[in-house]
Structures are given as structure tokens and as C-alpha cells.
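Letter by letter, the chains look like this.
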Amino acid sequence: SPKQFTAQSIQPEYVTRIARDWTVTISGGATMVEEQGNRTFPSGSFSLANEFDQQTHVSIAVFRRAVPAYFVSGGAYISNVAQLYVSHDFSRVVQLSVRGNYAYNESTPVKLITVESINGSAVLDYNLTRDTKLSLSQSYGHFTITGRTPFDQLVTMLAVSIEWR
């Protein structure tokens, strides 16, 4: 039977703009995982984002929070993530987005399992019509899990999406 958990968190958030239209978002607090002893741990996030122009968007973020443990075990993980996202609109119809992240997750309430991952992806979107989009994507992931042989995942995808309006 799958393990279930409930997490309660309190995290005040502060948002401000700094030099050259950078937006900074900071939050911090505590999260209690209501599973086998109500373990409380520090949680929060920090992000920095900019729209250099109407075509280019950049964001950098780090965060720590409780997440469901779909991978390897049930219950909850304490997840620590650092990520970078960049997108650029080459025209009204062509956009490229690139994202990368590093994550370190540990099972809770007992640190029996750790999952460490490095992921990256690139997506090239082409709007064929107002309602139809063609996407070409490539993603890579490297995973290290306690007690298992590290493995890699490489996915290439061509997709057509149609939006019904």
C-alpha cells in the first residue's frame, strides 16, 4: 500500500525589483511533515528573474520543500533543487527554451533513500497556426539513487499540439 503524507508549511514571501528590472523573490519558514512523528524542517526558496527584452526571459531559482516520493519509495522527500531557465522568442512563431536543474532528495522521516539528479532540456516550438504548435525537444537526465547503479535517460520528442478554442 502506498504511503501517504500531509505537509503543513508557513513561509512568508518577499518580492522586490532590483537593478535593471531583475525581480527577486525570497521565502523562508518551516514545514511539518505529518508522517511518523511530525518532523519539522526548514523550507524556502530564492529566485531571480529578468525579461531582458520582450523576447528573452531568464530565471534562476533554488528551493527546499516537501514533495511526493513517486520515485523508488512512497511517502515524502525533502527536496533541494537549483534550476536555471532561459527562453528566447526568435519571432512571433519560433521560441527556444532551455532549462537545467540539479536536485538532491532524501526520504523522510528517516533518511533511507537519497535521489540525486542532474537534468537538462531544450525545446524548440514553432507555431504553425494560431491553434497548432510543432515542438521538437531533447532532454537528458542522470540519476543516482541509494543502493542502485546510476543511470542516464535521454529523450527526443517531436510533438504536434492543437488547442481547441
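Our subject is the structure that appears above.
Cut-offs used in this document
Residues numbered from 1 in each chain as written. Predicted model: local features only at pLDDT ≥ 70, side-chain atom pairs only at ≥ 80, totals over all residues. Heavy atoms only, no water. Helix = DSSP H or I, 4+ residues; strand = E, 2+ residues; numbered from the N terminus. Buried < 20%, exposed > 50% of the residue type's maximum accessible area, 1.4 Å probe, protein only. Phe/Tyr/Trp six-rings, centres within 6.5 Å; stacked < 30°, edge-to-face > 60°. Salt bridge = Lys/Arg side-chain N within 4 Å of Asp/Glu carboxyl O. Contact = heavy atoms within 4.5 Å. Polar contact = N/O pair within 3.5 Å; in protein donor to acceptor, adjacent residues only side chain to side chain. Pairing = 2+ DSSP bridges. Patch = residues over 30% accessible without salt bridge, like charges linked within 9 Å, V, L, I, M, F, W, Y side chains within 5 Å. Areas by Shrake-Rupley, 256 points an atom, 1.4 Å probe, with all protein chains shown as cover.

(A) Structural context of the overall build of the protein chain. A tally of helices and strands in the protein chain yields zero helices and 10 strands. Each helix (α) and strand (β) of the protein chain, taken in turn from the N terminus, gives the series β-β-β-β-β-β-β-β-β-β. Its C-alpha atoms put the protein chain at 55 × 40 × 35 Å along the principal axes. When each of the 165 residues of the protein chain is scored for burial, the buried share is 25%.

(B) Focus on the packing of aromatic side chains. Across all of its chains, the model carries two aromatic pairs by this definition. Geometrically, the ring pair formed by Trp22 and Phe52 is edge-to-face, given 5.6 Å between the ring centres and 90° between the ring planes. Residue Trp22 is found in strand β3 (residues 22-33), and its partner Phe52 is found in the loop between β4 (39-51) and β5 (56-68); the two are separated by 30 residues along the sequence.

(C) Examining the pattern of salt bridges more closely. With the rule as written, the count across this model stands at one salt bridge. Where Arg130 meets Asp131, a salt bridge forms, and the shortest distance between an N and an O atom there is 3.8 Å. By relative accessible area, which is 26% here, Asp131 ends up partly exposed.

(D) Layout of the side chain of Ser137. Examined against the element boundaries, Ser137 turns out to sit in strand β9 (residues 132-145). Of the residues examined, Ser137 reaches a relative accessible area of 15% and is grouped as buried. Contact partners of Ser137, with chain neighbours within four places excluded, come to Ala122, Val123, Val155, Thr156 and Met157.

(E) Representation of the side chain of Ser107 within the structure. Along the chain, Ser107 turns up in strand β7 (residues 94-108). Among the polar contacts made by the side chain of Ser107, one reaches the main-chain amide nitrogen of Leu112 at a distance of 3.0 Å. Contacts of Ser107, omitting those with residues within four sequence positions, involve Ala76, Tyr77, Leu112 and Ile113.

(F) Summary view of the pairing of strand β8 (residues 114-127). Inspection of the sheet shows β7 paired to β8 by 13 bridges, in the antiparallel sense. Each bridged residue has a counterpart across the sheet, and for Ser97 the counterpart in β8 is Val123. Bridging between β8 and β9 involves 13 bridges; their strand directions are antiparallel. Each residue of the ladder has a partner; that of Asn119, found in β9, is Gly141. As consecutive antiparallel partners, β8 and β9 are separated by four residues.

(G) Focus on the environment of Val110. Within the secondary structure, Val110 sits in the loop between β7 and β8. A residue is classified by how much of its surface remains accessible, and Val110, at 47% relative accessible area, is partly exposed. Here the alpha-carbon distance between Val110 and Tyr77, two residues 33 residues apart in the chain, equals 9.8 Å.

(H) Highlighting the environment of Ser79. Its place among the elements puts Ser79 in strand β6 (residues 76-89). What makes Ser79 buried here is its relative accessible area of 6%. In this view, Ser79 contacts Phe63, Arg64, Arg65, Val67, Tyr104 and Asn105; residues no more than four positions away in its chain are not counted. A polar contact of 2.6 Å, which involves the side chain of Ser79, links it to the side chain of Asn105.

(I) Summary view of a nonpolar patch on the surface. On the surface, Tyr14, Ile26, Phe46 and Val62 cluster together into a nonpolar patch covering about 360 Å² of accessible area. By the element assignment, Phe46 lies in strand β4.

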